[in-house]
Amino acid sequence: MPKICVIIPCYKHTDKIAGVIQRLLSYGFPIIVVDDGNSKEDAMELYKICENLRDVFLLHHDENKGKGGSVLTGLLFAKENRFTHAIQIDADGQHCVEDIPKITDIINENPDAVVSGCPIYDDNAPKSRVIGRKITNFFVKLETLSNEIKDAMIGFRAYPVDLTCQCAKDCNLNFGMTFDIEILVRLKWAGAPIEFFETKVDYPKNGYSNFKVSDQLKISIIHTVLCTTMILRLPYVLFKALFKSHDSK
Ligand SMILES: Nc1nc2c(ncn2[C@@H]2O[C@H](COP(=O)(O)OP(=O)(O)OP(=O)(O)O)[C@@H](O)[C@H]2O)c(=O)[nH]1
Ligand SMILES: [Mg+2]
């Protein structure tokens, strides 16, 4: 029986997170909020939002570690507390909380799978982000030599906790915005099935994004690393494929 929790990394989204938590509460999953080195005022605000809520755990970074670092802190807490699956969702209210049942249905059917959103954008989505995603998704197909990963950037997904913590430990993952991409590629390399559900992603006018131009550069670097690793893994992948086809004869 899966034991599911929700992880919300939070940096500078204190004005939006209360709404996200309220929408999440009706699903009854424990919620892990990670305060990623926010200012004193924002940290206090987060504390006030979480303090009287049952099954809402507030973890704290003294310094800003980045989105990936926050998700990892949440995942390690989930592992310590014996959760089998963790649903990651952004604090800024862009994700459709009401799609959680789509995730839990897939987890119940296939507990080994990583379950990821496949984003549907409206006209408000910045063109640069939509194009950036298309480029990333093209590289991810190369890196995984497969069509399986429909989107590698969305932060609305569910991880099998043990496998993801192990994979993050083995690969010494980057803590920043490239985390979502890298962990998905490495989980696929580790043999995890990846399942997708369609979900609307909202870009409200005047919404605040932490995504910076420098993140685009870091994403290019991570693709260079992943493509190089893919080339180095090729003999292993070919050997495995040959072995499999030989076995099935
Ligand atoms: N970028 C960033 N996000 C962080 C950090 N720490 C935690 N987060 C959280 O990670 C989630 C994603 O951040 P966003 O700023 O929405 O970035 P994004 O969703 O990739 O970019 P947009 O599509 O432009 O919204 C949010 O819940 C943030 O609060 C950090 O250091 N940097
Ligand atoms: Mg966002």
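Our subject in this report is the structure included herewith. (Residues numbered from 1 in each chain as written. Chains lettered and ligands numbered in written order. Predicted model: local features only at pLDDT ≥ 70, side-chain atom pairs only at ≥ 80, totals over all residues. Heavy atoms only, no water.)

**Some points on the site of ligand 1**
Near ligand 1 lie 19 residues; those nearest to it are Asp36, Asp92, Met177, Tyr203 and Asn210. Backbone polar atom of Tyr11 to an oxygen atom of ligand 1: 2.8 Å apart, as the coordinates give it. Coverage of ligand 1 by the protein chains reaches 94% of its 610 Å² of free accessible surface. When each cavity is represented as a set of grid points, ligand 1 is found to reside in the largest pocket. Breaking the shell around ligand 1 down by element, the ones donating at least two residues are β1 (4-10) and α3 (67-80). (Near = heavy atom within 4 Å. Polar contact = N/O pair within 3.5 Å; in protein donor to acceptor, adjacent residues only side chain to side chain. Areas by Shrake-Rupley, 256 points an atom, 1.4 Å probe, with all protein chains shown as cover. 1 Å grid on protein atoms, 1.4 Å probe; cavity = no way out; pocket = protein on both sides within 12 Å on 5 of 7 lines; lining within 4 Å. Sits in = over half its atoms within 2 Å of the grid points. Helix = DSSP H or I, 4+ residues; strand = E, 2+ residues; numbered from the N terminus.)

**Looking at unusual backbone geometry**
Generally, phi is negative for residues other than glycine and the peptide bonds are trans, each holding for most cases. Backbone geometry at Arg82 places phi at a positive 60°, although glycine is not the residue there. Of note in this structure, Leu145 is not a glycine but carries a positive phi near 50°. Here Leu145 shows up in the loop between α5 (127-144) and β6 (157-160).

**A few points about the coordination of the magnesium ion (ligand 2)**
Coordination of the magnesium ion (ligand 2) by the protein comes from Asp92 (OD) and Gln94 (OE1), over a distance range of 2.0 to 2.1 Å. Both residues of the pair, Asp92 and Gln94, belong to the buried class. (Donors = N, O, S within 2.8 Å, 3.2 Å for Na, K, Ca; no water. Buried < 20%, exposed > 50% of the residue type's maximum accessible area, 1.4 Å probe, protein only.)

**Examining the layout of surface pockets**
By volume, the largest pocket is sized at about 770 Å³. Of all the secondary structure elements, the ones that give two or more residues to the lining of the largest pocket are β1, α3, α5, α7 (179-189) and α8 (213-247). In terms of residue class, the lining of the largest pocket is built from 13 nonpolar, 13 polar and 12 charged. Of the volumes computed, that of the second largest pocket is approximately 310 Å³. Looking at the second largest pocket, it is lined by 13 residues, and the ones nearest its centre are Lys188, Trp189, Arg233, Val237 and Lys240. Mapped by element, the contributors of at least two residues to the lining of the second largest pocket are α5, α7 and α8. If you tally residues by element for the lining of the second largest pocket, the top one is α8, at seven residues. A class-by-class count of the residues in the lining of the second largest pocket yields six nonpolar, two polar and five charged. (Points joined across faces, edges and corners; volume = space filled by probe spheres on them. Nonpolar A, V, L, I, M, F, W, Y, C, P; charged D, E, K, R; others polar.)

**Section: the pattern of salt bridges**
Counted under the stated rule, the structure contains nine salt bridges. The partner of Lys67 in a salt bridge is Asp90, and the shortest N-O contact between them spans 3.6 Å. With Lys67 in helix α3 and Asp90 in the loop between β4 (85-88) and α4 (100-109), this pair connects stretches of sequence that are 23 residues apart. Its relative accessible area of 14% is what places Asp90 among the buried residues. The salt bridge partner of Lys188 is Glu148, with a shortest N-O separation of 2.5 Å. (Salt bridge = Lys/Arg side-chain N within 4 Å of Asp/Glu carboxyl O.)

**A word on the environment of Leu163**
Note that Leu163 resides in helix α6 (residues 161-171). Taking the C-alpha atoms as reference, Leu163 lies 9.9 Å from His85; in sequence the two are 78 residues apart. Other than its neighbours up to four places away in sequence, Leu163 contacts Leu187 and Ala192. (Contact = heavy atoms within 4.5 Å.)

**Re the sheet that holds β4**
Sheets are built from strands that pair by backbone hydrogen bonding, the pairs being arranged parallel or antiparallel. Taken in spatial order, the seven strands line up as β3-β2-β1-β4-β6-β5-β7 in an open sheet, and their pairing is mixed. Strands with a single pairing partner mark the edges of an open sheet, and in this sheet they are β3 (56-61) and β7 (194-201). This sheet shows a mean twist of 25° between the axes of neighbouring strands, independent of strand direction. Summarising the sheet, strand β2 (residues 31-36) and β3 pair through six bridges and their orientation is parallel. Within β3, the residue paired with Val33 across the bridge is Leu58. Sheet contacts for α3: β1, β2, β3, β4 and β6; angle to β2, the most-contacted strand, approximately 140°. (Pairing = 2+ DSSP bridges. Axes fitted to C-alpha atoms, helices over the stretch in contact; angles between N-to-C directions.)

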